[in-house]
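Below are the chains, spelled out letter by letter.
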Amino acid sequence: SAEGLNLVYVIDTSGSMRGDPLVQAVDGLSELANQLSGEIRTSFGAFPIGNTCGDTLKTFLPMGSHGSTKIKASYQTVFADGLTPTAAVLDQIDRLDLTAAANDPQDARRVKVVVLITDGFPTVCGNIADAVRSADSLLMNKGVPTYVVGYNLQASSNILNRLAEAGGTDASRGMGGDRYFLAANSMELVDVIRRITDEVVQCNYIADPPPAVSSKVWIKIDNDLVPRGQYRYDEQR
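Residues numbered from 1 in each chain as written. Predicted model: local features only at pLDDT ≥ 70, side-chain atom pairs only at ≥ 80, totals over all residues. Heavy atoms only, no water.

A. Seen up close, unusual backbone geometry. Each neighbour pair has its own omega, and for phenylalanine 47 with proline 48 the value is 5 degrees, a cis peptide bond. By secondary structure assignment, the location of proline 48 is in the loop between β2 (41-47) and β3 (58-64). The phi dihedral of asparagine 152 falls on the positive side, at around 50 degrees, and the residue is not glycine. Locating asparagine 152 in the fold gives a position in the loop between β5 (146-151) and α5 (157-166). If you check the backbone angles, arginine 173 has positive phi at about 55 degrees while not being a glycine. Tracing the chain through its elements places arginine 173 in the loop between α5 and β6 (181-183). The exposed category is assigned to arginine 173, whose relative accessible area is 53%. (Helix = DSSP H or I, 4+ residues; strand = E, 2+ residues; numbered from the N terminus. Buried < 20%, exposed > 50% of the residue type's maximum accessible area, 1.4 Å probe, protein only.)

Listed below in structure tokens is the structure:
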């Protein structure tokens, strides 16, 4: 089910997001809380906090299955200030395993993704190449892809394309267009993140409890049996 998905939102709240851009982003995330609470497991963080290049991402909501009221409350104290330490944020997610929930018995079998919502390119705590390496490391070390959302965009599209490519994602689905998603207001942000969750969830389902042998797996969509060979069952997950 979709509850097998751990989705971490991380939002760039640097100074350029001050005012209406951040208000619109919070409105969009609040609407997503209404739509997705109970469907997927979520965590929410914003960056930067302070002037450190260590743990510069603040987690406002730890990973878990949360109701919409709790999710929306976590957005309300976010404010915009500072620069954009993208590389340090992705490193922190990898180092602290922020896509997982503590003491989750199903952790190894969950699908995990990061959604990076940013209006600009890295400006501190590492350069663009460092951020690209961090996205690649998160994918290689943890198997966690990074979906990049250019929101209220102030950055070169080439930079965000490089981040998305390193994170193993492609908004154009192999059609050669931009690999990052683009959103300019709350409704477009809702639409983009729904596209991301639909893409992830439609490709990954968790059998809980798992069958003893893979030959006992049958899949139906709208009561139509899916032929074997058109899906893959991973016994390790």
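B. Examining the pairing of β2 more closely. Taking burial as the measure, the seven residues of β2 include seven buried ones, the bulk of the element. Because side chains alternate across β2, one face comprises the buried residues Arg41, Ser43, Gly45 and Phe47, and the other comprises Thr42, Phe44 and Ala46, equally buried. Where strand β1 (residues 5-12) and β2 come together, seven bridges link them in parallel fashion. Directly across from valine 8, in β2, lies its bridge partner serine 43. Considered for its hand, the β-α-β crossover made up of β1, helix α1 (residues 20-36) and β2 is right-handed. (Pairing = 2+ DSSP bridges. Right-handed = clockwise from strand over helix to strand, strands pointing away.)

C. Spatial organisation of the pattern of salt bridges. This model, assessed by the stated rule, comprises nine salt bridges. Residue lysine 142 is joined to aspartate 94 by a salt bridge in which the shortest nitrogen-to-oxygen separation is 2.8 Å. With lysine 142 in helix α4 (residues 128-142) and aspartate 94 in helix α3 (residues 86-95), this residue pair connects regions lying 48 residues apart in the sequence. In this structure, aspartate 198 and arginine 194 form a salt bridge, with 3.9 Å as the shortest nitrogen-oxygen distance. One end of the pair, aspartate 198, and the other, arginine 194, are both in helix α6 (residues 186-203), four residues apart, so they sit about a helical turn from each other. Members of the salt-bridge network, linked through shared partners, are Arg41, Asp104 and Arg110. (Salt bridge = Lys/Arg side-chain N within 4 Å of Asp/Glu carboxyl O.)

D. Spotlight on the packing of α3 against α4. Two elements in contact, α3 and α4, have axes whose closest approach is 8 Å; the angle formed by their N-to-C orientations is 15 degrees. Taken together, α3 and α4 sit at an angle that is classed as roughly parallel. Once α3 is placed against α4, the crossing between them reads as left-handed. Across the interface between the two elements, Thr86, Ala87, Leu90, Asp91, Ile93 and Asp94 of α3 pack against Asp130, Ala131, Ser134, Ala135, Ser137, Leu138, Asn141 and Lys142 of α4. The class makeup of the residues in the contact of α3 with α4 is six nonpolar, four polar and four charged. (Axes fitted to C-alpha atoms, helices over the stretch in contact; angles between N-to-C directions. Parallel < 35°, antiparallel > 145°, perpendicular 65-115°, else oblique. Left-handed = near helix turned anticlockwise from the far one by under 90°. Contact = heavy atoms within 4.5 Å. Nonpolar A, V, L, I, M, F, W, Y, C, P; charged D, E, K, R; others polar.)

E. Broad picture of α4. Across its 15 residues, α4 extends 21 Å between first and last C-alpha, which sits within 8% of the 21 Å expected from 1.5 Å per residue. Here α4 starts with a cap whose side-chain oxygen sits 3.1 Å from the backbone nitrogen of alanine 129, and that cap is asparagine 127. (Expected span 1.5 Å × (residues − 1). Polar contact = N/O pair within 3.5 Å; in protein donor to acceptor, adjacent residues only side chain to side chain.)

F. The packing of aromatic side chains, seen in detail. Counted by the stated rule, this structure contains three aromatic pairs. Note on phenylalanine 44 and phenylalanine 60: the rings are 5.8 Å apart at their centroids and 40 degrees apart in plane angle, and the pair reads as tilted. With phenylalanine 44 in strand β2 and phenylalanine 60 in strand β3, the pair connects residues that are 16 residues apart, well separated along the chain. An aromatic cluster of at least three residues, connected via ring pairs, comprises Phe44, Phe60 and Tyr75. (Phe/Tyr/Trp six-rings, centres within 6.5 Å; stacked < 30°, edge-to-face > 60°.)

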